[in-house]
Amino acid sequence: MSLQDNFRKAMRSYVYSVSILSNVSEKNEHHAITVSSVTSVSIDPPSILVCINKSAGIHDTIKIGTRFCINLLTKNHEDLSNVCSSYKEEKNRFTSDQWDLSGIPFLKDAQANIFCEVDELVEYHTHTIVIGKVFESSNRDTINTLTYVDGSYA
Ligand SMILES: Cc1cc2nc3c(=O)[nH]c(=O)nc-3n(C[C@H](O)[C@H](O)[C@H](O)COP(=O)(O)O)c2cc1C
């Protein structure tokens with residue numbers, strides 16, 4: 001097996017939490033993408049990073065100073081996770097009334113909502129590492145986080 005195959009296999013062994021990154025573009029269009037690459041960077045300042053493929057529809061709307069929400073999903077959000085990770089479902093991403101679309105779009109019934117402003121963008125080959133400064137954060141006390149391992153929801 002090649003190095004890339006071995007690496008892919010190793011990464012599939014990780015258990016990921018699944019989130020949807022959502023924002024509204026300068027053209028006033030709503031965007032959402034399923035992501036597992038979210039991690040905290042620091043507590044002071046409160047900050048996170050997320051890696052976004054340059055080919056993703058949302059990629060070019062993520063600019064320094066723009067705002068977005070990381071919606072940590074619950075086990076009830078498997079369908080929405082699929083909708084936001086399938087190009088064919090692009091039109092259906094915001095049809096559910098689970099969304100609050102009054103400002104930065106966010107999921108009302110998420111495990112957690114972490115609102116960020118883009119502070120730094122680091123380009124790395126196929127991806128951009130987005131560093132977001134957190135300006136608001138809320139969560140549910142009962143943990144029911146949607147997880148993903150070896151290519152399936154766990
Ligand atoms: C569980 C899961 C995690 C994902 N994590 C990421 C991620 O961290 N970054 C990324 O760019 N794409 C990630 N993807 C792939 C995107 O969700 C998918 O390619 C999406 O369709 C891209 O958006 P678009 O259809 O609007 O172009 C993930 C997909 C799944 C199912």
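None of the values given here were measured: they were computed from a predicted structure. (Residues numbered from 1 in each chain as written. Predicted model: local features only at pLDDT ≥ 70, side-chain atom pairs only at ≥ 80, totals over all residues.)

### A word on the overall build of the chain
Turning to step 1, where the next piece is worked out: When helices and strands are tallied, the chain shows 2 helices and 12 strands.
Turning to step 2, where the next piece is worked out: Since a compact globule built from 154 residues should have a radius of gyration of about 15 Å, the 15 Å found for the chain is in line with a globular shape.
Turning to step 3, where the next piece is worked out: Along the three orthogonal principal directions, the C-alpha set of the chain runs to about 50 × 35 × 35 Å.
Turning to step 4, where the next piece is worked out: Here the chain, with 154 residues, has 27% of them falling under the buried criterion. (Helix = DSSP H or I, 4+ residues; strand = E, 2+ residues; numbered from the N terminus. Rg over C-alpha atoms; globule rule 2.2 N^0.38 Å. Buried ≥ 20, exposed ≤ 12 C-beta atoms within 10 Å, placed from the backbone.)

### Things to note about unusual backbone geometry
Turning to step 1, where the next piece is worked out: In this model, D44 is joined to P45 through a cis peptide bond whose omega is 5 degrees.
Turning to step 2, where the next piece is worked out: Although it is not a glycine, H125 sits at a positive phi angle of roughly 50 degrees.
Turning to step 3, where the next piece is worked out: Tracing the backbone through its elements, the reader meets H125 in the loop between β9 (112–124) and β10 (127–139).
Turning to step 4, where the next piece is worked out: Under the C-beta neighbour-count criterion, H125 is labelled exposed, with 6 such atoms within 10 Å.

### Description of the sheet that holds strand β11 (residues 147–149)
Turning to step 1, where the next piece is worked out: Strand order in the open sheet formed by 3 strands is β1-β11-β12, and the pairing between neighbours is antiparallel. With one partner strand each, in any of the chains shown, β1 (16–17) and β12 (152–153) form the two edges of the open sheet.
Turning to step 2, where the next piece is worked out: Sheet topology note: the β11/β12 ladder contains 2 bridges and is antiparallel. By the bridge assignment, Y148 is partnered in β12 with Y153. (Pairing = 2+ DSSP bridges.)

### Side note on the nonpolar core
Turning to step 1, where the next piece is worked out: Ranked by size, the top nonpolar core spans 27 residues in total, and within it I20, L21, I33, V50, I70, L73 and C84 carry the most contacts.
Turning to step 2, where the next piece is worked out: Sorting the residues of this core by element identifies β2 (19–24), β3 (30–35), β5 (46–53), β6 (67–72), α2 (78–83), β8 (106–107) and β9 as the ones contributing at least two each.
Turning to step 3, where the next piece is worked out: When residues in this core are grouped by element, the largest group, 4 residues, is from β6.
Turning to step 4, where the next piece is worked out: Excluding anything up to four places from it in sequence, I70 contacts S19, L21, V38, I48, V50, I114 and C116. (Core = buried A, V, L, I, M, F, W, Y, C linked by C-beta atoms within 7 Å. Contact = placed C-beta atoms within 7 Å.)

### Section: the pairing of β5
A regular strand places its side chains so that they alternate between the two faces of the sheet.
Turning to step 1, where the next piece is worked out: By the bridge criterion, 4 bridges tie strand β4 (residues 39–43) to β5 in an arrangement that is antiparallel. If you follow S42 over to β5, its bridge partner there is S47.
Turning to step 2, where the next piece is worked out: Taking the residues that link successive antiparallel strands as the turn, the β4-β5 hairpin has 2 residues.
Turning to step 3, where the next piece is worked out: Across 7 bridges, the pairing between β5 and β10 is antiparallel.

### Thoughts on the site of the ligand
Turning to step 1, where the next piece is worked out: V35, S37, N53, G57 and S85 are the nearest of the 17 residues found near the ligand.
Turning to step 2, where the next piece is worked out: Every element with two or more residues in the shell around the ligand is listed here: β3 and β5.
Turning to step 3, where the next piece is worked out: For the shell around the ligand, the class distribution of residues is 9 nonpolar, 7 polar and 1 charged. (Near = placed C-beta within 6 Å. Nonpolar A, V, L, I, M, F, W, Y, C, P; charged D, E, K, R; others polar.)

### Here's the deal with the sheet that holds β10
Turning to step 1, where the next piece is worked out: If you walk across this open sheet you meet the 7 strands as β3-β2-β6-β9-β10-β5-β4, and the pairing is antiparallel. Edge strands, defined here as strands with exactly one partner in the open sheet, are β3 and β4. Neighbour-to-neighbour, the strand axes of this sheet turn through a mean angle of 30 degrees, independent of strand direction.
Turning to step 2, where the next piece is worked out: Pairing analysis gives 4 bridges linking β2 to β6, with the strands arranged antiparallel. Along β6, the bridge assignment pairs S22 with C69. (Axes fitted to C-alpha atoms, helices over the stretch in contact; angles between N-to-C directions.)

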